[in-house]
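# Examination of the molecular architecture
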Amino acid sequence: MVTRWSLTIDCARPAKLAEFWALALGYTAKPAPAGFGSWEEWFVHHEIPRGEWNQGAYLCDPDGVGPDLSLLQVPESKVVKNRLHLDVQVGGGRDTPWEERWPRVVKAVEQLTAAGATVIRVDELQGRPDHVVMADPEGNEFCLV
């Protein structure tokens with residue numbers, strides 16, 4: 001049996017960063033848990049203080065295949081390189097021919113830089129660009145492949 005899992009990103013501005021990652025991954029806002037008409041109802045039911053209601057944002061794969069993504073507000077800023085990062089396979093991954101894959105990667109780089117990401121570097125494989133290492137608007141590294 002496979003264990004279901006999710007990924008949490010610590011951040012300063014959860015709602016804003018959720019907008020970025022929804023665009024990057026094609027995710028949507030996660031609906032309130034079953035039995036609740038809204039996240040606010042869930043917060044009240046679980047006695048979450050009102051001051052904490054905006055300290056998180058939650059995304060999900062609209063097809064229900066990928067893991068959920070939580071973005072949680074923390075007081076400290078990012079200081080060092082991530083020990084874990086996402087490889088976002090916008091080009092289809094390395095099983096997709098380079099001639100098809102690379103233009104898709106370039107298009108995604110343009111779209112995500114317009115949304116606040118920065119390019120850290122372009123890594124090559126066998127003499128041609130292979131993937132782009134980027135940082136989201138709060139500096140969390142990820143790769144476009």
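Up top is the structure these notes are about.
Just so it is clear, the model here is predicted, and its values are computed rather than measured.

## A few points about unusual backbone geometry
Positive phi values are uncommon outside glycine, yet Glu47 reaches one of about 55°. By relative accessible area, which is 70% here, Glu47 ends up exposed.

## What to know about the layout of surface pockets
Within this model, the largest pocket holds a volume of roughly 500 Å³. Taken together, 22 residues line the largest pocket, and the ones lying closest to its centre are Ile9, Asp10, Lys78, Asn82 and Asn140. At five residues, strand 1 (residues 6-11) tops the list of elements feeding residues into the lining of the largest pocket. The residue inventory of the lining of the largest pocket, partitioned by class, reads ten nonpolar, five polar and seven charged.

## Thoughts on the pattern of salt bridges
Across all of its chains, the model carries nine salt bridges by this definition. Residues Lys30 and Asp68 are paired through a salt bridge, measuring 2.8 Å at the closest nitrogen-oxygen approach. Of the two residues, Lys30 is situated in the loop between strand 2 (28-29) and helix 2 (39-45) and Asp68 in strand 4 (residues 68-73); the sequence distance between them amounts to 38 residues. In this structure, Glu100 engages Arg104 in a salt bridge whose closest nitrogen and oxygen atoms are separated by 3.7 Å. Separated by four residues within a single helix, Glu100 and Arg104 lie in helix 3 (residues 98-114), roughly one turn from each other. With relative accessibility at 39%, the residue Arg104 sits in the partly exposed group. Through salt bridges that share partners, Arg4, Lys30 and Asp68 make up one connected network.

What counts and how
- Residues numbered from 1 in each chain as written.
- Predicted model: local features only at pLDDT ≥ 70, side-chain atom pairs only at ≥ 80, totals over all residues.
- Heavy atoms only, no water.
- Buried < 20%, exposed > 50% of the residue type's maximum accessible area, 1.4 Å probe, protein only.
- 1 Å grid on protein atoms, 1.4 Å probe; cavity = no way out; pocket = protein on both sides within 12 Å on 5 of 7 lines; lining within 4 Å.
- Points joined across faces, edges and corners; volume = space filled by probe spheres on them.
- Helix = DSSP H or I, 4+ residues; strand = E, 2+ residues; numbered from the N terminus.
- Nonpolar A, V, L, I, M, F, W, Y, C, P; charged D, E, K, R; others polar.
- Salt bridge = Lys/Arg side-chain N within 4 Å of Asp/Glu carboxyl O.

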